[in-house]
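# An overview of the molecular structure
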Amino acid sequence: QVRLVESGGGLVQSGDSLRLSCAGSGRTFGNYAMGWCRQAPGKERDFVAAISRKNSTYYSDSAKGRFTISRDNAANTVYLQMNNLKPEDTAVYYCAASGALAEIFQGYADYWGQGTQVTVSS
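Predicted model, so just to flag it, every value in this text is computed and none were measured. (Residues numbered from 1 in each chain as written. Predicted model: local features only at pLDDT ≥ 70, side-chain atom pairs only at ≥ 80, totals over all residues. Heavy atoms only, no water.)

## Concerning the side chain of Thr116
The criterion, for reference: Helical segments are the DSSP runs of H or I of at least four residues, strand segments are the runs of E of at least two, and each set is numbered from the N terminus. Each residue's exposure class comes from its accessible area (1.4 Å probe, protein chains only) as a fraction of the maximum for that residue type: buried when under 20%, exposed when over 50%, partly exposed otherwise. Residues adjacent in sequence count toward polar contacts only when both atoms are side-chain atoms; beyond that, a polar contact is any pair of N or O atoms within 3.5 Å, and within protein one must be able to donate a hydrogen and the other to accept it. Should any heavy atoms of two residues lie within 4.5 Å, those residues are considered in contact.
Positionally, Thr116 belongs in strand S11 (residues 116-121). Owing to a relative accessible area of 10%, Thr116 belongs among the buried residues under this scheme. Here Gly9 takes part through its backbone nitrogen, which lies 3.1 Å from a polar atom of the side chain of Thr116. When residues no more than four places from it in sequence are discounted, the contact partners of Thr116 are Glu6, Ser7, Gly8, Gly9, Leu20, Ala91, Val92 and Tyr93.

Written out as structure tokens, the structure reads:
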């Protein structure tokens, strides 16, 4: 079992930056691909970013060039650095752990955190 806890969300203005953290307990992060997905009201959970066991990174079109995902397996922590935030980035952001990287691209995972709210005002 893996327990994931997100932190770092908040209310910011357009153009601001924010760094989300995902702290894990249980099985080591080294066994999983990790990622971030987000969900806005009335919408399904969508892929944002992922990082493989070998530290290859992947991003949605909207995140590419603005967001950076990284991992520290020794600390069981995954980060999402978000720069130049826009109102359309407003959503609950969820940390994900999966034995299959491709699952995260589809908004699925083996384990999820409870989410952290990110709100971007104009």
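Alright, that's what it looks like, and here's the rest.
## Here we look at the packing of aromatic side chains
Heads up, the rule is: Two rings belonging to Phe, Tyr or Trp (six-membered ring only in the last case) form a pair when the distance between their centres is within 6.5 Å. Interplanar angles under 30 degrees mark stacking, angles over 60 mark edge-to-face geometry, and anything in between is tilted. A ring is considered to have a charge above it if a Lys NZ or an Arg CZ atom is located within 6 Å of its centre and within 35 degrees of its normal.
Within this structure, the stated rule accounts for 4 aromatic pairs. Between Tyr58 and Phe105, the ring centres sit 5.5 Å apart and the planes meet at 70 degrees, which makes this aromatic pair edge-to-face. One end of the pair, Tyr58, is in strand S6 (residues 57-59); the other, Phe105, is in helix H1 (residues 101-105), and 47 residues separate them in sequence. Each ring, one from Tyr94 and one from Trp112, has its centre 6.4 Å from the other, and the planes form 85 degrees; the classification is edge-to-face. Of this pair, Tyr94 sits in strand S9 (residues 91-98) while Trp112 sits in strand S10 (residues 111-112), and the two are 18 residues apart along the sequence. Overall, the relative accessible area of 13% leaves Tyr94 in the buried class. Classification of Trp112 by relative accessible area gives partly exposed; the value is 25%. One aromatic cluster in this structure is built from Phe47, Tyr58 and Phe105. Seen from the ring of Tyr94, Arg45 lies directly overhead, with NZ or CZ sitting 4.0 Å from the centre. Lying over the aromatic face of Trp112, Arg45 brings its terminal NZ or CZ to 4.2 Å of the ring centre.

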